[in-house]
Amino acid sequence: MNEKNKALTISELGEFGLIDLLTKDFSITDKKLLKGIGDDAAVFETGDICNLVTTDLLVEGIHFNLIYTPLKHLGYKSVAVNLSDLYAMNAVPKYITVSLAVSSKFSVNAIEQLYEGIRIACERFDVELIGGDTTSSLSGLFINITAIGQAKKDEIVYRSGAKKNDLVCVSGDLGAAYMGLQLLEREKEVFLSDTAIQPELTGYEYIIERQLKPEPRRDIIKRLKEAGLQPTSMIDISDGLSSEILHLCKNSNLGCKIYEDNIPVHPQTLAAAEMFRLEPSIASLNGGEDYELLFTVPLDKKDVVEKIADVSIIGYMHEDKNIKLFVPRNGAELELTAQGWNAMKR
Ligand code: ADP
Ligand code: MG
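As a starting point, this report considers the structure included with it. For every chain, the first residue of its written sequence is number 1, and the numbers climb from 1 along that sequence. Both sets of labels track the order of writing: A upward for chains, 1 upward for ligands. In keeping with the model being predicted, local features are shown solely for residues with a pLDDT of at least 70 and side-chain atom pairs are shown and tallied solely at 80 or more, while totals for entire chains, interfaces and linings include all residues. Where side-chain values are given, they derive from all heavy atoms of the structure, hydrogens and water being excluded.

One heavy atom within 4 Å of a molecule or strand is enough for the residue carrying it to be called near that molecule or strand. Around ligand 1, the neighbouring residues are Glu15, Phe16, Ile19, Thr23, Ile37, Gly38, Asp39, Asp40, Asp56, Asp85, Arg159 and Ser238. For the purposes of these results, a polar contact is taken to be a pair of N or O atoms within 3.5 Å, where, inside protein, one atom must be able to donate a hydrogen and its partner to accept one; residues adjacent in sequence count only when each atom of the pair is a side-chain atom. Contacts to ligand 1 include Gly38, whose backbone N or O atom sits 2.8 Å from an oxygen atom. Out of a free accessible area of 560 Å², ligand 1 has 62% covered by protein chains. For the shell around ligand 1, the leading source of residues is helix 1 (residues 10-23), giving four residues. By residue class, the composition of the shell around ligand 1 is three nonpolar, three polar and six charged. Accessible surface is estimated by sampling points in the Shrake-Rupley manner with a 1.4 Å probe; for residues, cover comes only from the protein chains shown. Think of it this way: any DSSP run of H or I at least four residues long counts as a helix, any run of E at least two long counts as a strand, and we number them from the N terminus. Residues were grouped as follows: Ala, Val, Leu, Ile, Met, Phe, Trp, Tyr, Cys and Pro as nonpolar; Asp, Glu, Lys and Arg as charged; and all remaining residues, including Gly, as polar.

Right, let's get into the pattern of salt bridges. Any Lys or Arg side-chain nitrogen located within 4 Å of an Asp or Glu carboxyl oxygen qualifies as a salt bridge. In total, this model carries 27 salt bridges according to the counting rule given. The shortest N-O distance in the salt bridge between Glu123 and Arg119 comes to 2.9 Å. Taken together, the residues span about one helical turn, with Glu123 and Arg119 both in helix 3 (residues 108-124) at a distance of four residues. Burial status follows relative accessibility: with a 1.4 Å probe on protein chains alone, a residue under 20% of its type maximum counts as buried, one over 50% as exposed, and anything between as partly exposed. Taking relative accessible area as the criterion, Arg119 reaches 37% and is therefore assigned partly exposed. A salt bridge links Glu306 to Lys302; the shortest N-O distance between them is 3.1 Å. Residue Glu306 and its partner Lys302 are located together in helix 10 (residues 302-306), separated by four residues, close to a single helical turn. Given a relative accessible area of 36%, Lys302 falls into the partly exposed group.

Moving on: the packing of helix 5 (residues 205-212) against helix 8 (residues 267-275). To define axes, lines are fitted to C-alpha atoms, for helices over the stretch in contact only, and angles between the resulting N-to-C directions are given on a 0 to 180 degree scale. The interhelical angle for the contact between helix 5 and helix 8, taken along N-to-C directions, is 95°, at an axis separation of 8 Å. Here helix 5 lies roughly perpendicular to helix 8, going by the angle between them. Residues Glu205, Tyr206 and Ile207 of helix 5 touch helix 8, and the partners they reach there are Gln268, Thr269 and Ala272. Its residues assigned to classes, the contact of helix 5 with helix 8 comprises three nonpolar, two polar and one charged. Angular relationships are summarised with four words: roughly parallel below 35 degrees, roughly antiparallel beyond 145, roughly perpendicular across 65 to 115, and oblique for the angles in between. Contact between two residues is taken to exist if any of their heavy atoms lie within 4.5 Å; hydrogens are not considered.

Sodium, potassium and calcium take a 3.2 Å donor cutoff, other metals 2.8 Å, and in both cases only N, O and S atoms count; water is not among them, so sites may look incomplete. Coordination of the magnesium ion (ligand 2) by the protein comes from Asp40 (OD), Asp85 (OD) and Asp236 (OD), over a distance range of 2.0 to 2.1 Å. Within one chain, the residues serving as donors to the magnesium ion (ligand 2) are arranged as D-x44-D-x150-D. In this pair, Asp40 is assigned in the loop between strand 1 (33-35) and strand 2 (42-46) and Asp236 in strand 8 (residues 233-236), connecting sequence segments 196 residues apart. Its relative accessible area of 6% is what places Asp40 among the buried residues.

Attention shifts here to the pairing of strand 5 (residues 128-136). Two faces, one strand: in a regular strand the side chains alternate between the faces of the sheet. Inspection of the sheet shows strand 4 (residues 92-102) paired to strand 5 by eight bridges, in the parallel sense. For Val102, the partnering residue across the bridge sits in strand 5 and is Ser136. Handedness of a crossover is defined as follows: with both strands directed away from the viewer, a clockwise route from the first strand across the helix to the second makes it right-handed. Regarding topology, helix 3 serves as the crossover connection from strand 4 to the parallel strand 5, and that connection is right-handed. Being paired, for any two strands, means DSSP has found at least two bridges between them.

Let us look at a nonpolar patch on the surface. Taken together, the side chains of Phe16, Ile19 and Ile37 define a hydrophobic patch exposed on the protein surface, amounting to about 260 Å² of accessible area. Along the polypeptide, Ile37 turns up in the loop between strand 1 and strand 2. By relative accessible area, which is 58% here, Ile37 ends up exposed. In this analysis, a patch consists of residues with relative accessible area above 30% that form no salt bridge, clustered at 9 Å for like charges and at 5 Å for the nonpolar side chains Val, Leu, Ile, Met, Phe, Trp and Tyr.

Moving on: the environment of Ser104. On the secondary structure map, Ser104 appears in the loop between strand 4 and helix 3. With a relative accessible area of 77%, Ser104 lands in the exposed category. Through-space distance from the C-alpha of Ser104 to that of Gly140 is 8.5 Å; in sequence the pair is 36 residues apart.

Written as structure tokens, this is what we have:
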């Protein structure tokens, strides 16, 4: 252990700092391992095909609150977030394992509902449940899912492949899951103060669903393939746009310029932001859990990408890695900083 780290707390270091610190002394010798730590999934070669592996741990009270999260939705979401990482590599998900730690407060029926959601996601995205582990927990529910996917070597898209002047594109709309969470949290407080009051969520169904039941963007991967357009780099938006674009910049050794005017935001997200007196760009830039795809394409593919439904061009990759700018609708350009979701810094 490094002497200077003795007094450092985990929250000071942050999630990514901690991962870097813990893994820096592991060297990779296997020639078949094309990517280890540092992308949405690890990649290793087996014959003509590559296998990809990704894993996510969801913890009660940190990643989900069972007061407003139906277990069936939670099961679906647990699978969805893993598949999203595989789509972000341009891979096809094939198998999952599910490991659970369950406290005695849960009934058999509750865990069956969780599995109902897992099953629906497996059927919808054509993946097979191939194993897992089940154990008890002293407090709450822990769900760890590992997903395994496949892709041809030359079809895999990494975070590191962006080139200067590439267009930065995003699927769907951003900030909805974050505003959905704000609404659910507010209604939880109201409900806890008076259980006779029913939550008032009418008119906000879209953003609530985006929080509780995100959809991994297999459809976008399919459309890109049909258009013959392979992104140069890609990542899924789990921690917020600003955090993810900075990953693409760092891994591709480039900068970027992103325009607020071009960032797609749903009307319900705007309405909720107004209700909470929040600048909508806070939600679209830093709100996590949208599970949309953020990717880059060469500038000369502008015509092709513009025709793909539900994809927006939000900026471009700058050749200077020190220039990472956000251009607001009104006002001066701002330096992009990662203020997204960070489980270790809460
Ligand atoms: P994502 O947001 O796409 O799920 P993460 O930010 O969780 O990815 O992880 C970034 C990278 O660090 C991934 O390659 C992941 O496998 C790796 N990683 C995360 N936690 C650990 C850990 N405790 N030990 C080793 N590698 C880790
Ligand atoms: Mg990811």
